[in-house]
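Working through the structure, step by step
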Amino acid sequence: ISRPVGTTPPPPHTIAGRVTVQGNARQNVQVSLILGGNTIGTTPSDANGNYTFWVVPGTYTVRATFAGMQPG
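All of the points below concern the structure found in this document. Since we're looking at a predicted model, the values are computed, not measured. (Residues numbered from 1 in each chain as written. Predicted model: local features only at pLDDT ≥ 70, side-chain atom pairs only at ≥ 80, totals over all residues. Heavy atoms only, no water.)

A few words on the overall build of the protein chain. Regarding its fold elements, the protein chain presents 0 helices and 7 strands. Scanning the protein chain from its N terminus toward the C terminus, one meets helices and strands in the order β-β-β-β-β-β-β. Here the protein chain, with 72 residues, has 22% of them falling under the buried criterion. Entry remark: accessible area of the protein chain is about 4900 Å², with carbon and sulfur atoms responsible for 50%. (Helix = DSSP H or I, 4+ residues; strand = E, 2+ residues; numbered from the N terminus. Buried < 20%, exposed > 50% of the residue type's maximum accessible area, 1.4 Å probe, protein only. Areas by Shrake-Rupley, 256 points an atom, 1.4 Å probe, with all protein chains shown as cover.)

Structure (structure tokens):
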């Protein structure tokens, strides 16, 4: 999944979120985008815990994994 050319598409075409642990932002958490049981994209969270995927409309699962922690 790659960043679109031009401006960011309006919702619902963008999935964005923030990874926190006990209210504190987590950097470098591996965030995966899953469709139909298949991982279709991954990205690390940034210094503020933020991540973004640009997608077509659909139903997705977002999973965050970090060494030493249970996926969520």
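What follows deals with the sheet that holds strand S7 (residues 61-65). Spatial ordering of the open sheet is given by S5-S4-S7, a layout of 3 strands whose pairing is antiparallel. The strands lining the two open edges of the sheet, one partner per strand, are strand S5 (38-44) and S7. Each strand of the sheet is rotated relative to its neighbour by a mean of 25°, with strand direction disregarded. When strand S4 (residues 30-35) meets S7, the two strands line up antiparallel, connected through 5 bridges. Along S7, the bridge assignment pairs Ser 32 with Arg 63. (Pairing = 2+ DSSP bridges. Axes fitted to C-alpha atoms, helices over the stretch in contact; angles between N-to-C directions.)

So, about the side chain of Ser 45. Mapped onto the fold, Ser 45 is located in the loop between S5 and strand S6 (50-54). Classification of Ser 45 as buried rests on a relative accessible area of 3%. Within the local environment of Ser 45, its side chain forms a polar contact with the backbone oxygen of Arg 26, the two atoms lying 2.7 Å apart. Setting aside chain neighbours within four positions, we find Ser 45 in contact with Val 19, Arg 26, Gln 27, Asn 28, Val 29 and Asn 50. (Polar contact = N/O pair within 3.5 Å; in protein donor to acceptor, adjacent residues only side chain to side chain. Contact = heavy atoms within 4.5 Å.)

Keep in mind that these numbers describe shape and distance, not what the molecule does.
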